[in-house]
Amino acid sequence: MFYRENGQFKTSYQADQQIFPITQDRWAILAIIAFAAIGVPLLVDEYFYRAILIPFLILSLAALGVNILVGYCGQISLGSGAFMAVGAYMAYNTYVRVDGMPLIVALLAGGFFATLVGLVFGIPSLRVKGLYLAVATLAAQFFCDWAFLRIGWFTNNNASGSVSVSNLNVLGWTIDTPLEKYLFCLGFLVVFGLLAKNLVRSAIGREWMAIRDMDVAAAVIGIRPMYAKLSAFAVSSFIVGVAGALWGFVHLGSWEPAAFSIDRSFQLLFMVIIGGMGSIMGSFFGAAFIVVLPIFLNQVLPALGTLVGVDISTATVSHTEYMIFGALIVWFLIVEPHGLAKLWSIGKQKLRLWPFPH
Amino acid sequence: MKLRQLALAAAVAAAGLSSALLPTVATAQAKEQFFPVLVYRTGAYAPNGVPFANGYVDYLKLVNERGGINGVKISFEECETGYATDRGVECYERLKGKGATVFQPLSTGITFALTEKAPADKIPLITAGYGRSESQDGGVFKWNFPIAGTYWVAGDVIVQHIIKKEGGADKLKGKHIALVYHDSPFGKEAIPILQERAAMHGFKLSLLPVTHPGVEQKSTWLQIRRDRPDYVVNWGWGVMNSTLIKEAQATGYPRDKIYGVWWAGAEPDVKDIGEGAKGYNAITMQHGAEPNADFVKEILSKVHGKGQGTGPKDEVGQVLYVRGAMSAMLGVEGVRQAQERFGKGKVMTGEQVRWGLENLNLTQAKLDALGFKGVLRPISTSCQDHMGSAWARIHTWNGSKWEFSSDWYQADEMIIKPMVKTAADKYAAEKKLSRRTPADCQS
């Protein structure tokens, strides 16, 4: 009843080609952004910002980047953690080595260097595919772990190999309260989210999808595999790199290579798979699932225990958390192999007919 | 139909869970001093993390049995970090909101991350024996307290012990010491002090990193077999330690030439190897395994005796258990000291506890009264010195238990002080901080 595009006639090319052609979608997106920027700050406390919302925003951004590569272009990558690390460390280096470097430029520089590294490690994708490519991108992970641990230059010759940043500010706006950090990350996410959404429906996005669906056929109809694959690697690692820089700068404040370990790569891949491959929205669902659910379980299980009069030990909580989490992943993949985003689009379909499905 | 059932089930579950969550939020105690407990009872470091956590919690329970801190009872909550920095940060944020007054991160990575956050939240960090070595400089690190030892103290004392064994500093010339370290900020903390000492005495130092979690050491030991260093210093944690000793056994490297950091000198590291680890040494930041200490007996009778104990009874008094208890004691005594100034029998804020930790004066008489007789030496901190004591001993595994094998050593201030100052100044410059003024020290 509320969600149907009947009667929305497009009279110009511009109207026909906008990002969200359906009026309701447009309003919904505006409402979500407005809620995130204005409503959320009125509702939540500091813990929520720091422990849930900020990690969620940053990892959504990273998942978005990975989704472009894995979901849209079909190139399985296990090197996302490494690209995050490159983003974080190179942003750090740009930030501390160049005097008076603006924060945003430093973060984008992190993304830029991640792009370069992504391109280098994307080259094998021209020859190897599927699982073999995943293994090849693992090399990126190990190489970056090694480089940031061993090469003193990257960490500004810090004895412990851990780096830290503080006093973040953008054009005189000091970012130190959780709310400011949240808004800062939100700004990045909105900009990159809209850019990505636009990109995947452009010519280049369609090339990626053609390559994903069948690369031989794509090549036959005139899509250059090298260009398509490498551009997917470049765009993806740029976004992932910026997310990594935000993770280090805004969320952790001080980090070491372990913050971007192989676990992080897997986590990002799971986000994409659970959220929905080839869906921008799916990146957000996946990130929410992976970030929020463990924390939720971790807090709810002891509370549930006390409710029924059982004192659950910390270790048991942690183990149960893993078990439930793992079981839920399997359950979701069986029930909805196309990810949470598919549920979302089914919901949208049903809404079109509601309340008269027949 | 199916979808509707699903939605219904989800809604019911959500409602149940949220109602379960509410009561815990509502029970914020007013008259209790809240101690957050960051632990890792799972993951690669659990074998060592569990006894530490048990000791920490048991000591807090003991304080309550003794009547609290001047009547203020302690409440506490555990949070599992799994040694991961991001989970540690989440725990910090979660427990901070519940009125936490002092944090003990129990991981160098988490310490680094919290060092950036604690000053803004006005919560002190105790990193007893670990964390950033330069944070003993209270002039720069106002909120960090590496009480009773840092990694630089540990590294320095190990070299001192080797000098003593060799029979003079000049004998070290041309010798070869290999540092096998956990490739993380924790492991790297050892490098500067050993390099400093190497330059001083002219011994060769080779650095052999081992990646997390440390089960893969074949190539490292191949190098050791080839170079045959005179001593091996083990800067490991968790499963890395037992692997290292097994590799040493396989390589035929004498175990009595290996010195571990205090994270690498506890029962879980050696007990499965038993005789094979005989002769293996480790540094202790003052205490070792203390089954006969007074406070251990008190915990056994007052906490375990009442069925309130955490973990197995026979582990009470082991090295890491004592470490946990001692760390808890430092936090509790910080609160007690703060009460001296800000009002006895009151709940202290983080800022007040910080003052207490900075003016900690644990004399031998006080320590004895707390049950730490023969376990610890006096600790007294000040505005400039957040460490308060630089004593250490070496203990050796005799095949079935840890025994002290050296006298007390004190870390060489002449070496460590300039290093601390340089590193702290570098940190301050990076952060654009200025040193605290004398007036700030009074506050």
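Residues numbered from 1 in each chain as written. Chains lettered and ligands numbered in written order. Predicted model: local features only at pLDDT ≥ 70, side-chain atom pairs only at ≥ 80, totals over all residues.

**Q** I'd like a rundown of the overall build of chain A, residues and numbers included.
**A** In terms of helices and strands, chain A carries 14 helices and 4 strands. Computed over C-alpha atoms, the radius of gyration of chain A comes to 21 Å, within 12% of the 21 Å expected from 2.2 N^0.38 for 358 residues, which places it in the range of a compact globule. Seen through its principal axes, chain A has C-alpha atoms that stretch 70 × 65 × 45 Å. Burial statistics for chain A: of 358 residues in total, 45% are counted as buried. (Helix = DSSP H or I, 4+ residues; strand = E, 2+ residues; numbered from the N terminus. Rg over C-alpha atoms; globule rule 2.2 N^0.38 Å. Buried ≥ 20, exposed ≤ 12 C-beta atoms within 10 Å, placed from the backbone.)

**Q** For helix 11 (residues 262-275) of chain A, give the residues involved together with the corresponding values.
**A** Residues and elements named next belong to chain A. For helix 11, built from 14 residues, the straight-helix expectation of 20 Å at 1.5 Å per residue is met to within 8% by its first-to-last C-alpha distance of 20 Å. The buried count for helix 11 comes to 10 of 14 residues, which makes it a mostly enclosed element. Looking at the buried residues of helix 11, the elements they touch are helix 3 (46-72), helix 4 (80-97), helix 6 (130-150), helix 12 (280-307), helix 13 (314-335) and helix 14 (340-353). In the stretch just after helix 11, Gly276 is the one whose phi turns positive, near 135°. (Expected span 1.5 Å × (residues − 1). Contact = placed C-beta atoms within 7 Å.)

**Q** Any chance you could break down the nonpolar core for me, citing the residues and the numbers?
**A** One broad trend across soluble globular proteins is that nonpolar side chains are buried collectively. Formed by 230 residues in total, the largest nonpolar core has its most connected members in Leu61, Ile239 and Leu246 of chain A. Each of two domains, domain 1 (31-150 + 290-390 + 421-442) and domain 2 (151-288 + 394-416) of chain B, supplies a minimum of three residues to this core. Apart from the residues within four sequence positions on either side, Leu246 of chain A is in contact with Ile58, Leu61, Leu107, Cys185, Phe188 and His251 of chain A. (Core = buried A, V, L, I, M, F, W, Y, C linked by C-beta atoms within 7 Å. Domains from an automatic or database assignment.)

**Q** Help me get a handle on the interface of chain A and chain B, residues and values and all.
**A** In this assembly, 34 residues from chain A lie in contact with 36 residues from chain B. Every element with two or more residues in the side of chain A that touches chain B is listed here: helix 3, strand 4 (254-255), helix 12 and helix 13 of chain A. Tallying contributions element by element places helix 12 of chain A first for the side of chain A that touches chain B, with 6 residues. Classifying every residue of the side of chain A that touches chain B by side-chain character gives 17 nonpolar, 12 polar and 5 charged. (Nonpolar A, V, L, I, M, F, W, Y, C, P; charged D, E, K, R; others polar.)

**Q** Could you give an account of the domain arrangement of chain B, with specific residues and numbers?
**A** All names here are of chain B. Here the domain parsing of chain B yields domain 1 (31-150 + 290-390 + 421-442) and domain 2 (151-288 + 394-416). If you average the C-alpha positions of domain 1 and of domain 2, the two centres end up 26 Å apart. Going through the elements one at a time, helix 2 (46-65), helix 4 (108-121) and helix 12 (319-342) are the ones with two or more residues in the side of domain 1 that touches domain 2.

**Q** Which residues make up the packing of helix 5 (residues 151-166) of chain B against helix 7 (residues 190-201) of chain B, and what values go with them?
**A** All names here are of chain B. Between helix 5 and helix 7, the least distance of the axes is 8 Å, while the angle of their chain directions is 35°. Like other packed secondary-structure pairs, helix 5 and helix 7 cross with a definite hand, here right-handed. Mapping the contact onto sequence places Tyr151, Trp152, Gly155, Asp156 and Val159 in helix 5 and Ala190, Ile193, Leu194 and Arg197 in helix 7. Of the residues assigned to the contact of helix 5 with helix 7, the class counts are 6 nonpolar, 1 polar and 2 charged. (Axes fitted to C-alpha atoms, helices over the stretch in contact; angles between N-to-C directions. Left-handed = near helix turned anticlockwise from the far one by under 90°.)

**Q** Describe the packing of helix 5 of chain B against helix 15 (residues 413-431) of chain B, naming the residues involved and giving the relevant values.
**A** Residue and element names in this part refer to chain B. Two elements in contact, helix 5 and helix 15, have axes separated by 11 Å at closest approach and are oriented at 150°. One element, helix 5, and the other, helix 15, form an angle in the roughly antiparallel class. Every pair of crossing elements has a handedness; the one defined by helix 5 and helix 15 is right-handed. Taken together, the residues of helix 15 that come into contact with helix 5 (itself represented by Trp152, Val153 and Asp156) are Ile415, Ile416 and Met419. Tallied by class, the residues present in the contact of helix 5 with helix 15 amount to 5 nonpolar, no polar and 1 charged. (Parallel < 35°, antiparallel > 145°, perpendicular 65-115°, else oblique.)

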